[in-house]
Every structure is written in C-alpha cells, then in structure tokens.
Number of protein chains: 2
Amino acid sequence: MSLKGIRVIDLTRIISGPFCTQLLADFGADVIKIETPSGDPLRRQGKGRNGLSWYFASYNRNKRSVALDLRSPEGLEVLSDLVRDADVLVENFRAGVLADMGFSDQALEALNPRLVVCHISGFGADGPYAQRPSFDFIAQAMSGFMSVNGNRDDEPLRSGLPISDLVAGLYAALGVAATLAGPRENRRFQSVDVGLTDSLISLLSYMASDTLASGQPPERSGNDHPLVAPYGLFQTADTPIAIAPSNDMIYARLLKVLGREDLLTDPRFDTNEKRMADRRAIRAEIEPILLTEGSATWIERLNKGGVPTGPVMTVPEVLEDPQVRHRDMVLEVPHGAHGPVQMLGFPVKVAPDGCDIRHPAPELGEHGDAILSALGYSAARIADLRARGVLAAGSGEEAVRRG
Amino acid sequence: MSLKGIRVIDLTRIISGPFCTQLLADFGADVIKIETPSGDPLRRQGKGRNGLSWYFASYNRNKRSVALDLRSPEGLEVLSDLVRDADVLVENFRAGVLADMGFSDQALEALNPRLVVCHISGFGADGPYAQRPSFDFIAQAMSGFMSVNGNRDDEPLRSGLPISDLVAGLYAALGVAATLAGPRENRRFQSVDVGLTDSLISLLSYMASDTLASGQPPERSGNDHPLVAPYGLFQTADTPIAIAPSNDMIYARLLKVLGREDLLTDPRFDTNEKRMADRRAIRAEIEPILLTEGSATWIERLNKGGVPTGPVMTVPEVLEDPQVRHRDMVLEVPHGAHGPVQMLGFPVKVAPDGCDIRHPAPELGEHGDAILSALGYSAARIADLRARGVLAAGSGEEAVRRG
C-alpha cells in the first residue's frame, strides 16, 4: 500500500492504460477512472456472468468511476478541477488527442505544477509514426518480436497474449512510481511517455545486442533455445515436458539423472557447439530414456537432480495449480449483485505493506457524486451537471442496470 | 533521474535481476553490482567486440562493480557493511539461498530497518515448488503462456524472447520503485517477492478472466486474433503486412480503403461472429485487392484511413527504423578500450528529469576500492582484503585485461 494517498486521474480505456492504473491502484493509489457516458468498451468485452465482464472486473479493481462527457465544456472543466487536485494523470489516447482537448503538457503544468502525466501510445509521443493508429499486433510486428517468435520454417508469429499492451502498461506504472519516488519537497511537473513499440523493443535483450555487435539477424528457433542444446520439449511416456539445461553444469546433471554420463565425454556431444550443430542427434540419445516413464516421474527426478523441468500447462491447469493457489494468484472478489468474481492476484508480493483489494471494479459512474462533492461541488451543481448529461449514470442502482 | 540518491546493492546475475537493477540505475539509482571473483556469467555470453560482451554491456550500464568472495566470512562482513549503508538490496538466487548465507529477511531488517529487499526467483519465495530450480523456459511452460502461443495444430510454443525473465525484472523494478514512493519519514523494512511464473501468469489477461468466467480453456490461434476477424498477416504484391481492425468501426474503414464497402452489408460478413466462423472466406475477399499493390503503398493508405497496419520487421530493420532512431531506442556508449558499444535505449521517456547514461557497464571489480573507501575502510584494510582474495580484480587496468 505504498502508493496510499496518491491520487491518479485515469483517462485510459481497453487494456494498456487500465493495466497501468490497476497496478498503481493495487499498490494503494486512489485511481479515479474517467469514462465516457457509454463506459470503457472493456465493460462489453470478454466473458462474464450476471451482467459483468470478468475481463473488465479484473482490470479495474480498486478504482472509482466518474462518467463524464468530455465533449462538453462543462465536462472539461470538471476534468480540470480533478487534475488540480491530483498527483498523477494517465492517458492512452492516440498521441496528441489529449492536447487537442486542451490538455497539452504545458496546460497541465499550468493547472498543476506538481503533476506527473503519463502518456501511453502505440509509437510514443513523437517521431514520424506518432500519428499513426496502432494496436498491440502492430507493435508486435514492428518491434521485431514476431520475427523471432515461431518455428524456423513458418511465418513470423504474434504472441498469444497482447504482450506489447501489457508490457507498455507495466513500463508506464514503473515510470510513474519511479517519478513519485523522487524528492517530494521540490517535485516539479514531469511527463512520462511510453510507446507500445518501444516497450517491446526493450525486451529484445540479447537478440538486439547480438545483432548490434555482429550485424547478423537472429533466427526464429521455435522451442529450441537459440544458443543451447539440448533444450526444449521432450516426449515422455505420457505428456511432453519442458527441460532447460541452460549450461554445461546442468547438462551434466541431466545426463546423471538419465544414467547417461557416458555422453559427457562422447566426442560427438562434448561441447554445446557440437550439440547445437545437430540437435536431433543428442535428442535421439535422450528421448528414448524419457519415453520409459511418465512426465510426473521425470519432473520429480529431474528437479531433484537440479535440472529445471516442468509440464506444459493449459490455462485451466495453471489456475488450479497448487503453487499458483499458494501464491494467491487467483482471487475471489465480491461484486455485489454480480456475485463473486474470480480474477488474477498480485504479481508483486510486498510485506508487510502489500497490495490488497479495497473494493471491486466500479459500476459506470458509481462515484461521480462522491468525487465531485469532495472537490467542493455543491449538490445543486452536481444535479445540474447530471441533468445536462455532463455527469452520467450515478447511483449504484442505475449503473447496475446499465451494466 | 528520479531515483538519484537511492543506493542499491545488487546481488543478481544473468538476466532477470540485472534487468531490474539496470532499470533502477537508468532512473538514477547508484547500483553497486556485487560479483563473484569470476564475474557475472553474462560477461562471457553473447556476441562482443574487443573483449566485451555487448549483452553484458547493455544490461549493466550505469552500475558500479565490486568483486567479492561471498564464501569467505570477510566477504560476508563487507556485504553487511554495504547493506547497512543502502536503501535497496536485489537478489535472484534460488529461493532460500540468501538466507542460508546469513541474510534472511529478519537478519537484513536487523542490519538495516529501512531496507527494501527484493527477491526474484522462478516460483517466488514460498509454496510447494519454491525450492525447484527454474529458468525462463520452465516459467513459460508452467504459466500457460506456451499453451496460447503458436499455431492451432502445432505444439505449444515458447516465446522467442526470455519473456518471463524480463517481465519479472520489470515487476521487481516496479515493486521497488512503488515501495520507495511510500512515505519517507516512517519507512520500515519491506520485502518484495517476485516469481517468474507469477509474472507471466499476470499477463494472461482475458485468457485468464475468460477461463475463470466460462471454465473453457483458450485456444492457440497463431496469427489470427482469438476474438476478431479479419485480423492478421495479409499478402501484398511484395511482403506481408500486419493489419489489426480490432472493432467494427475499423473494419468499416478497412473496407472503405479497399473499395469494398459493399461487404459491410453482405449477409455472409455483417457481424464479427460470422467473419470469425469462416476466416478464410473474408480473407478471400480482401487479399486479392491487397495483392495489387506493394506493402509500402498499403501501409500508407491504410494508416491514413485509420486502420492500424505495419510491416513485419526483422531485428536489424527495427534497429535502423526512423521512428526507432527518433525515439533514441539505439544508443552508442563509449566503453574505453573496448570502443563504442551500441545498445538499446530507455523504454520510458521522462521529461524533464529523464533517464541518462552516466557511465558504461563496469569492468569486473572496477569500483571495489572507491566503494570500500567510502564505507570508511582504510587503505590498509582494503589492501589486506585484496591480498587475501576477498576483494578481487580492482583497478580498471587489471579488469580490462581480465575482460
């Protein structure tokens, strides 16, 4: 709860931005989600129960909601008042859209000279492609990620997860948190700018450094490790297992567990280079032994022998796994009339001041009255804004019907 | 430079931990990398020039190095003194190893009641699998990531990048930064615990929420989006392009650019569900038009028409791309006798107090004398530690020869 007392104005929707602000909210920040009167489109995506998208619920826990018409001057005025009173503003409009609404960095700094504003966009806030529309898939294609994902002889492959959205959200949360960790007394306006493509490029790791050093492009290598053999998925008597002997010491342990220490000095296999040169040959020595027992036996024996080994798990298997449950990676959150909702837990465990669920994802506009009252708006003014459609939805009851 | 003045003792090696501490160093923290006398194994991995691994150089910039024999009591004493003087300790030993060295959380809190300690491990600090050895590939297998990555009819596929290592490093940096952002005055000891598997699970996003809501496992869908059609790679007159019309509005824009607005009301294709049901049918309408022009033409036309579209780029293409260069995602850092080193830039752009390169990755043990002197060690004591091999390497000269 290290971000307790930090107020975040959240103009984001869909996934990248809401993931960022959810991380901040989980760490204790008071996140005020500003939605259009029709709500974050995520409210209508993903599978749900009892009129609630579990996708939306899991990415918006610990947030409060105000439904505001930002096309009206009065709506923009409310936003200005919220910004004056906040520590952080996060947005994931296309680059430049927020400035067109009257909230350039300069205008924001004038409103609140201590604000941290965080922009999340496809290509970042500037550069030749900044104005292009972009989504996760485009960032996957243009970051080089796809070029190294997939099997050698197939086409470049997107990640099965919206990886650039999520990594950009994570970097944005890091940028905000690191900025907030700076000196309190003299804090001045800071602008944090995160692009989906930049974010995924930053994960190219040795693929980038090797390319820069050698000029040679990396290759797609499927389940083979590009630099190590043996390594990958191996058949057993039942299901395949993942084995990762990432250096010579662990390779030696693998041979010991398999009773094939003779291979250590076999001139065909005595260096990683030789084993890489003909991956099938070393596999042909190892796999027949693995086929004599089931996966559970090998996972136990190999891990005991110091060889990282595991099953390839489906998502339902993961969510039921004893380790995953022990780590509270699946939580059940009461959601009023919608019933209990299961969602993923906190990826970062902090003690003693850890993350927690303070309240479930909000109904659309659920906290409009409370938040505007706290800003000093009179009941009459709030009623007027509501009557004119600037402030939408409102009571929990109404929002439940809309949801 | 928001973490300026924060001192981090860095007991990590290889990739996940060093990525975490590099992010903290880029934000301005003073990161003291403790290496064994033989150095981080990464010094000997990846392609290099002039005796320097560019992989190591890119993951250790802005850090200082002390080479310390932690198997000796004197080495552990030096570590204790460093911890007393620090704000943060980061480690990525196997769970429990640091405690076995005498540095349990309890012992660390006794040394420094304001310390933030961050543990990075395969399965996290506790639970039934905590003692298992683990690497990125095992986390990919056991998080469900592989089960949703790849083509429908192929085997589950690892990501081409060490994605769980990197995401765990990123979460660890976030956990540290968020904790440091908490109240200064009353800061108390905090333990941050990040597991590779938990980290990747937390990115399952709608794959997890949909599974929890419906009980149905997600499927691998290759380059098809699991929820939208058309979407994916499409052939043009030259190279394939990625097109991401993720909702009906953008689908309509796509048809407009292609001159096929007639399809909008075609009863075979008038809902996303119908288009999903036979992806090949809608592709058969669209692809022949795309084949009439080259990729550059379509990328320009479609983006102009509001349809996110891009090329599938190789890593060398990415590193030369004008947008990537504009965003300073490739930096050149002087490395003394090793010559200039190219490496990836900062994924988070902050202004005015942004990240910068203060110094290149250190030679092994380069800063031993300076750091111990600053702790109050006399020249005689430092010479003695060096004579007995507790403090290894030393002057820049010597380290260059070893490098």
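Above this text you will find the structure in question.
What this report covers is the structure whose coordinates are included nearby.

Definitions and cut-offs
Residues numbered from 1 in each chain as written. Chains lettered and ligands numbered in written order. Predicted model: local features only at pLDDT ≥ 70, side-chain atom pairs only at ≥ 80, totals over all residues. Heavy atoms only, no water. Contact = heavy atoms within 4.5 Å. Buried area = accessible area lost by both parts, 1.4 Å probe. Salt bridge = Lys/Arg side-chain N within 4 Å of Asp/Glu carboxyl O. Polar contact = N/O pair within 3.5 Å; in protein donor to acceptor, adjacent residues only side chain to side chain. Helix = DSSP H or I, 4+ residues; strand = E, 2+ residues; numbered from the N terminus. Pairing = 2+ DSSP bridges. Least-squares fit on C-alpha atoms with pLDDT ≥ 70 in both. Axes fitted to C-alpha atoms, helices over the stretch in contact; angles between N-to-C directions. Parallel < 35°, antiparallel > 145°, perpendicular 65-115°, else oblique. Left-handed = near helix turned anticlockwise from the far one by under 90°. Nonpolar A, V, L, I, M, F, W, Y, C, P; charged D, E, K, R; others polar. Buried < 20%, exposed > 50% of the residue type's maximum accessible area, 1.4 Å probe, protein only. Phe/Tyr/Trp six-rings, centres within 6.5 Å; stacked < 30°, edge-to-face > 60°. Lys NZ or Arg CZ within 6 Å of the ring centre and 35° of its normal.

1. Some words on the interface of chain B and chain A
Next up, step 1: Taken together, the 136 residues of chain B in the interface contact 136 residues of chain A.
Next up, step 2: The contact between chain B and chain A buries some 11800 Å² in all, and 66% of this surface belongs to carbon and sulfur atoms.
Next up, step 3: Run the count over chain B and chain A and you get eight salt bridges.
Next up, step 4: On the surface where chain B and chain A come into contact, there are 46 residue pairs in polar contact (both at pLDDT 80 or more).
Next up, step 5: Top contributing element to the side of chain B that touches chain A by residue count: helix α8 (residues 163-180) of chain B, with 12 residues.
Next up, step 6: Summarising the sheet, strand β8 (residues 190-195) of chain A and strand β14 (residues 348-351) of chain B pair through four bridges and their orientation is antiparallel. The residue bridging Asp193(A) from the neighbouring strand is Lys349(B), located in β14(B).

2. Here we look at the relation of the copies chain B and chain A
Next up, step 1: After a rotation of 180° and a shift along the axis of 0.0 Å, chain B superposes on chain A with an RMSD of 0.0 Å. With respect to symmetry, the two chain copies, as superposed, fit the operation of a two-fold axis. Ranked by how close their C-alpha atoms come to the rotation axis, the residues of chain B are headed by Ala181(B), at 1.9 Å.
Next up, step 2: Here 100% of the interface residues in chain B have copies in chain A that are interface residues too; the copies meet face to matching face.

3. A look at the sheet that holds strand β2 (residues 30-35) of chain A
Sheets are built from strands paired through backbone hydrogen bonds, the pairs being either parallel or antiparallel.
Next up, step 1: If you walk across this open sheet you meet the seven strands as β5(A)-β2(A)-β1(A)-β6(A)-β7(A)-β8(A)-β14(B), and the pairing is mixed. Of all the strands in the sheet, the pair left with one neighbour each is β5 (63-67) of chain A together with β14 of chain B. Between one strand axis and the next, the sheet turns by 20° as a mean value, whatever way the strands run.
Next up, step 2: Together, β6 (88-91), β7 (116-121) and β8 of chain A together with β14 of chain B form the strand contacts of helix α8 (residues 163-180) of chain A, whose direction differs from that of β8(A) by roughly 165°.

4. Observations concerning the packing of helix α11 (residues 248-258) of chain A against helix α13 (residues 279-290) of chain A
All names here are of chain A.
Next up, step 1: Their axes nearest at 10 Å, the elements α11 and α13 cross at an angle of 45°. Between α11 and α13, the interaxial angle falls into the category oblique. Every pair of crossing elements has a handedness; the one defined by α11 and α13 is left-handed. On α13, the residues touching Tyr251, Leu254 and Leu258 of α11 are Ile282, Ile286, Ile289 and Leu290.
Next up, step 2: Taken together, the residues that form the contact of α11 with α13 break down as seven nonpolar, no polar and no charged.

5. Describing the pattern of salt bridges
Next up, step 1: One pass over the structure, following the stated rule, counts 58 salt bridges over all chains.
Next up, step 2: The partner of Arg268(A) in a salt bridge is Glu285(A), with the nearest N and O atoms 3.4 Å apart. Here the residue Arg268(A) occupies a position in the loop between α11 and α12 (272-277), and Glu285(A) occupies one in helix α13, the gap between them amounting to 17 residues.
Next up, step 3: Taking relative accessible area as the criterion, Arg268(A) reaches 46% and is therefore assigned partly exposed.
Next up, step 4: With its nearest N and O atoms 2.4 Å apart, the salt bridge here joins Arg388(B) to Glu74(B). Taken together, the residues span a long stretch of sequence, with Arg388(B) in the loop between α18 (379-387) and β15 (391-392) and Glu74(B) in helix α3 (residues 73-84) at a distance of 314 residues.
Next up, step 5: For Arg388(B), a relative accessible area of 46% puts it in the partly exposed group.
Next up, step 6: Look at the salt bridges and you will find they share partners, linking Arg260(A), Asp262(A), Asp266(A), Arg268(A) and Glu285(A) into a network.

6. Quick look at the packing of aromatic side chains
Next up, step 1: All told, the structure shown has 10 aromatic pairs over all chains when counted by the stated rule.
Next up, step 2: Judged by centre distance (5.6 Å) and plane angle (75°), the rings of Phe123(A) and Tyr129(A) are edge-to-face. Side by side, Phe123(A) and Tyr129(A) carry an identical accessibility label, which is buried.
Next up, step 3: Taken together through their ring pairs, the aromatic side chains of Phe19(A), Tyr55(A), Tyr59(A) and Tyr206(B) make up a single cluster.
Next up, step 4: Here the basic side chain of Arg301(B) rests over the ring of Trp298(B), its NZ or CZ set 5.0 Å away from the ring centre.

7. Let's talk about the sheet that holds strand β9 (residues 232-234) of chain A
Residues and elements named next belong to chain A.
Next up, step 1: Overall, antiparallel pairing links the three strands, which are arranged β9-β10-β11 in an open sheet. The open sheet is flanked by β9 and β11 (309-311), the only strands paired with a single partner. Within this sheet the neighbouring strands show an average axis-to-axis angle of 35°, counted without direction.
Next up, step 2: When β9 meets strand β10 (residues 241-243), the two strands line up antiparallel, connected through three bridges. Among the inter-strand pairings, Phe234 is bridged to a residue of β10, identified as Ile241.
Next up, step 3: Across the sheet, α13 touches β9 and β10, and the angle it forms with β9 is around 45°.

8. Comments concerning the side chain of Arg327(B)
Next up, step 1: Among the secondary structure elements, Arg327(B) is positioned in the loop between α16 (322-326) and β12 (330-333).
Next up, step 2: Among the residues examined, Arg327(B) registers a relative accessible area of 3% and is labelled buried.
Next up, step 3: In this structure the side chain of Arg327(B) is engaged in a polar contact, spanning 3.0 Å, whose partner is the side chain of Asp126(A).
Next up, step 4: At a separation of 2.7 Å, a polar atom in the side chain of Arg327(B) contacts the side chain of Asp193(A).
Next up, step 5: Setting aside residues no more than four positions away along its own chain, Arg327(B) makes contact with Phe123(A), Gly124(A), Ala125(A), Asp126(A), Asp193(A), Gly195(A), Asp198(A) and Lys349(B).

9. Quick notes on the environment of Arg260(A)
All names here are of chain A.
Next up, step 1: Along the chain, Arg260 falls in the loop between α11 and α12.
Next up, step 2: Placed 109 residues apart in sequence, Arg260 and Asn151 show a C-alpha to C-alpha distance of 29 Å.
Next up, step 3: Contacts of Arg260, omitting those with residues within four sequence positions, involve Leu255, Glu285 and Ile289.

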